Amino acid sequence: MNNSARGDTKPAPAADDWDQHWTDFSASSGNSPTTKYRNRLCFRLLRIKGKGEGSKILEVGSGTGLFGRKLLDRYPRSEYLGLELSETGVAAGKKQAPRGTFLQRNLLEPVDPSAIFRFEATHALCCEVLEHVDEPATLLRNAAAYMAPGCKIIVTVPGGWLHEFYRHIGHRRHYKPEELRHLLENAGLRVDKVYGAGFPFFNIYQVLIDLRGKRLVHDAAGGGSLMVRVGSVVFDALFRFNTMFWGWQTIGVACYEGPTGAENSR
């Protein structure tokens, strides 16, 4: 694990134990105002019409299936595929959204053509995933094996600084918009737009999390402490007044145009 570019310390091995993280933090993550805010942003950016007829939605890093369920509820005639590293997440996803398909995949490993689930996604989401890995461009390139040419891809990553809770769950780095643009282009995607959002309340929320420090690890476990639950309700309301032109939520919209000649020759 290489964090030298940011001067960050090497995370503990437990930082990458997503079976444990989903056991500890799935409930509080689902109720987090930041999660709900990103969900609203993604629905707006997807621009899927009607009930999703003809849409095939890929979620890279599907977690415990909470957003997958929301996607299928809103677009009941769409198809959904969730790719998740953790066995715990895949099992939870199948319960959350039984109409969807959930597969356990490590997208940092070379793609085995015989193991690819032929999906041909028309839309893809990769929300709050790339900050957890050392080779994010590799992850995106491998995820493209599940996409159709022309697939619209929405990527979100955190901006702002790293704090103790984020380090606890394995964040390697956070991204400014120009850094996310470079990453997407390096992964072979055509970038439509990249920007920051969330000012002022998203930023304020992140400052409060930073001030809480390591204590937030305990606060957020299980369903979250009373302070976390009340704060989530308050900030969820405030987040509806965030701006869309600056803030510490970094968002990219890109397109997968199809395999390159090198990929076709393999």
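Residues numbered from 1 in each chain as written. Predicted model: local features only at pLDDT ≥ 70, side-chain atom pairs only at ≥ 80, totals over all residues. Heavy atoms only, no water.

**Here we look at the pairing of strand β2 (residues 79-84)**
Put simply, the rule is: Accessibility here uses a 1.4 Å probe with only protein chains present; expressed as a share of the type maximum, an area under 20% marks a residue as buried, one over 50% as exposed, and anything in between as partly exposed. The numbering of helices and of strands both runs from the N terminus, where a helix is a DSSP run of H or I of at least 4 residues and a strand a run of E of at least 2. Whether two strands pair depends on DSSP finding at least two bridges between them. Place the viewer so that the strands point away; then a crossover is right-handed whenever the path from the first strand over the helix to the second strand goes clockwise.
For β2, the tally of buried residues reaches five of six residues, placing the bulk of the element in the interior. Where strand β1 (residues 56-60) and β2 come together, five bridges link them in parallel fashion. Its bridge partner being in β2, V60 is matched across the sheet by L83. Note that the unit made of β1, helix α3 (residues 66-74) and β2 has a crossover that is right-handed. Sheet analysis places β2 next to strand β3 (residues 101-104), joined by four bridges and oriented parallel. Within β3, the position partnered with E84 by the bridge is Q104. Between the parallel pair β2 and β3, the chain is carried across by helix α4 (residues 87-96), and the sense of this crossover is right-handed.

**Quick notes on the sheet that holds β1**
Put simply, the rule is: Every angle, taken between N-to-C directions, lies between 0 and 180 degrees, and every axis is a line fitted to C-alpha atoms, over only the stretch in contact when it is a helix.
Spatial strand order, β3-β2-β1-β4-β5-β7-β6: seven strands in an open sheet with mixed pairing. What marks the edges here is a single partner per strand, and that holds for β3 and β6 (190-197). Strand-to-strand twist in this sheet, taken as the mean axis angle between neighbours without regard to direction, amounts to 15°.

**Overview of a nonpolar patch on the surface**
As a reminder of what qualifies: Think of a patch as exposed residues, more than 30% relative accessible area, with no salt bridge, where like charges cluster within 9 Å and nonpolar side chains (Val, Leu, Ile, Met, Phe, Trp, Tyr) cluster within 5 Å. Only the protein chains shown count as covering a residue, and every accessible area follows the Shrake-Rupley method with a 1.4 Å probe. When a carboxyl oxygen of Asp or Glu lies within 4 Å of a side-chain nitrogen of Lys or Arg, that pair is called a salt bridge.
Together, W161, I204, V207, L208 and L211 give the surface a local cluster of nonpolar side chains, amounting to about 440 Å² of exposed area. Mapping L208 onto the fold places it in helix α8 (residues 201-212). According to the relative accessible area criterion, L208 is partly exposed, its value standing at 43%.

**Section: the packing of helix α2 (residues 33-46) against α8**
As a reminder, the rule being used: If an angle is under 35 degrees, it is roughly parallel; if it is over 145, roughly antiparallel; if it lies from 65 to 115, roughly perpendicular; otherwise it is oblique. Note: crossing handedness is left-handed where the near helix turns anticlockwise from the far helix by less than a right angle, and right-handed where it turns clockwise. It only takes one pair of heavy atoms within 4.5 Å for two residues to be counted as in contact. Classification convention: Asp, Glu, Lys, Arg as charged; Ala, Val, Leu, Ile, Met, Phe, Trp, Tyr, Cys, Pro as nonpolar; all other residues, Gly among them, as polar.
At a minimum axis separation of 11 Å, α2 and α8 run at an interaxial angle of 155°. Between α2 and α8, the interaxial angle falls into the category roughly antiparallel. For the element pair α2 and α8, the recorded crossing hand is left-handed. Touching P33, T34, Y37 and R38 of α2 are F202, Y205 and Q206, all from α8. In the contact of α2 with α8, the residues fall into four nonpolar, two polar and one charged.

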